[in-house]
Amino acid sequence: MDNFISVRDFENHALSVLEPTVKNYYLGGTKAEETTKLNIDSFKKFRIRPKVLRNVSKRDISTTILGEKVSMPLGVSPTAHQRWAHLCGERASAKATESIGTIFILSSYSNCTIQEVAKAAPNAIKWQQLAIHKDRDCTRHIVQTAEIAGFKAIVVSVDYPILSKSSTSKIKITKDARFCIYEDYYLSKNSQNDLGDIFSRVKTIIDDSVTWQDLLWLKSITQLPIVVKGVLTAEDAVLAVNHGASAILVSNHGGRQLTSTISSIEALPEIVAAVGNKVEVYVDGGVRHGTDVFKALAVGAKMVKGVCGKAHNMGLSLRRRKGSTRCTRFTLRRNRGNVCFSRLSKCSRSHKRLSEAQVIIQSSLINKSLIFTFL
């Protein structure tokens, strides 16, 4: 691992040690996986025009997200079944994120309970991802458990009213990959012997009738800020704001749900323009380099959360917490002298503020590539 120099190195290692079905689950997408590939390729449309001999001796990439100070504008997206990468699963991932000082989002398809993750990383900034289910008591239980455990926000996924029929959904559930958060709920209603097949239960409560009015219901049962994950259009971004969202996570679910959508970075500009300064905007999907993070920030994201979804699991497959920690750091800090992040301490979604931070967005398109100039 000491010789690894990029996220790709972690992915290549994982491909050599993980079981084929697990690799397919972590890295796969729907259909021909064109949307998964598009997420990565879209960043190549953006170009950076550097200017030289600017004093970059003082570098601070910390920022504030929903009132919490974080060490970098990069967080960990929710990914399911992390115990397939390592037996410590989400506990190790949360601990790794805690050591870096940024945000960890726990998937509701976690192989560890909310309480276990909270105990493993008591000082981490933790958010809980979930969906609004037909069984509203289940959703309420997850929210209340997260609140008691000290989580700081609720991330509601709005882009899978129906589960995709991709090959990645056919993976076998083992004792090391249980749906522990849902088990916790069903155990509050049934004995251990009456649990049955949890995954089958979860599939039956996925609600294909959810509307924006249900977001108001979710807001009514918690004091935590709500982050709406899965928005790809300006129209939906405005609706999210009007229905109580505190932040928007621009995402196409890593290309794992609806195929042929636009990439997250392609959707980002119109969403930033639509919501203005009303809410914070984040983005995930396709991020593999520190320069990708820079590009997303320059376009208008407050924070990037995509790199550490699939890629984070690749790091987890190597030496548990140490591997996932280094995979995250490589993305943004492989080269501590990387000038792209030398003057970002004042950056925000506002193009005016970006100029103050000595980052200018050029409006011209050259060879269909958006050009960024930084002073």
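If you're wondering where the values come from, they're calculated on a predicted model, not measured in any experiment. Here the residue index of a chain counts from 1 through its sequence in written order. Per-residue local features are limited, in this predicted model, to residues with pLDDT of at least 70; the limit for side-chain atom pairs, both in listing and counting, is 80 or more; totals at the level of whole chains, interfaces and linings are taken over all residues. The side-chain figures draw on all heavy atoms in the structure; neither hydrogens nor water molecules are used.

(A) Representation of the pairing of strand β8 (residues 247–250) within the structure. Where burial is concerned, the two faces of β8 agree: the one with A247 and L249 and the one with I248 and V250 are both buried. Here the rule is simple: two strands pair whenever DSSP picks up at least two bridges between them. Numbering of helices and strands runs from the N terminus; a helix is a DSSP stretch of H or I covering at least four residues, while a strand is a stretch of E covering at least two. Across 4 bridges, the pairing between strand β7 (residues 226–231) and β8 is parallel. Among the inter-strand pairings, V227 is bridged to a residue of β8, identified as A247. Look down the strands so they point away from you; if the path from the first strand over the helix to the second goes clockwise, the crossover is right-handed. Tracing the backbone out of β7, into helix α10 (residues 234–242) and back to the parallel element β8 gives a crossover that is right-handed. Strand direction decides the pairing type here: β8 and strand β9 (residues 280–283), joined by 4 bridges, are parallel. Its bridge partner being in β9, V250 is matched across the sheet by V283. Crossover handedness for the path β8 to helix α11 (residues 264–275) to β9: right-handed. For every residue, the accessible area (1.4 Å probe, protein chains only) is compared with the maximum for its type, and the residue is labelled buried under 20%, exposed over 50%, or partly exposed between those bounds.

(B) Quick look at the packing of aromatic side chains. Geometry of aromatic contacts follows a simple scheme: Phe, Tyr and Trp rings, the Trp one being its six-membered ring, pair when their centres are within 6.5 Å, and the pair is stacked under 30 degrees between planes, edge-to-face over 60, tilted otherwise. Inspection of the entire model under this criterion finds 5 aromatic pairs. Look at Y109 and F179: their rings are 5.1 Å apart centre to centre, the planes differ by 80°, and that puts the pair in the edge-to-face class. Here Y109 is found in the loop between β4 (103–106) and α5 (114–120), whereas its partner F179 is found in the loop between β6 (153–157) and α7 (180–187), with 70 residues between them in sequence. Classification of Y109 as buried rests on a relative accessible area of 12%.

(C) Representation of the pattern of salt bridges. Definition used for salt bridges: Asp or Glu carboxyl oxygen within 4 Å of a side-chain nitrogen of Lys or Arg. If you walk through the whole model with that rule in mind, you get 6 salt bridges. For D41, the salt bridge identified is with K44, shortest N-O distance 3.4 Å. We classify D41 as partly exposed; its relative accessible area is 39%. Relative accessible area serves as the criterion here: at 52%, K44 is assigned to the exposed category. Sharing partners across several salt bridges, the network here consists of R136, D207 and D214.

(D) Representation of the packing of helix α6 (residues 136–148) against helix α9 (residues 212–220) within the structure. Between the N-to-C directions of two axes lies an angle of 0 to 180 degrees, each axis being a line fitted to C-alpha atoms and, for a helix, fitted only over the stretch in contact. Viewed as axis vectors pointing N to C, α6 and α9 meet at an angle of 45°, and their least axial separation amounts to 11 Å. Taken together, the axis directions place α6 and α9 in an arrangement best described as oblique. Between α6 and α9 lies a crossing whose hand is right-handed. Packed against α6, whose contacting residues are R136, T139, R140 and V143, the element α9 presents D214, W217 and L218 at the interface. Following the grouping adopted for this structure description, the nonpolar residues are Ala, Val, Leu, Ile, Met, Phe, Trp, Tyr, Cys and Pro, the charged ones are Asp, Glu, Lys and Arg, and the polar ones are all others, Gly among them. For the contact of α6 with α9, the residue count by class is 3 nonpolar, 1 polar and 3 charged. Oblique is the label for any angle not covered by the other classes, which are roughly parallel (under 35 degrees), roughly antiparallel (over 145) and roughly perpendicular (65 to 115). Crossing chirality is assigned from the near helix's rotation relative to the far helix, an anticlockwise turn below a right angle marking it left-handed and a clockwise turn marking it right-handed. Contact between two residues is taken to exist if any of their heavy atoms lie within 4.5 Å; hydrogens are not considered.

Any functional reading would require information beyond the geometric quantities listed.
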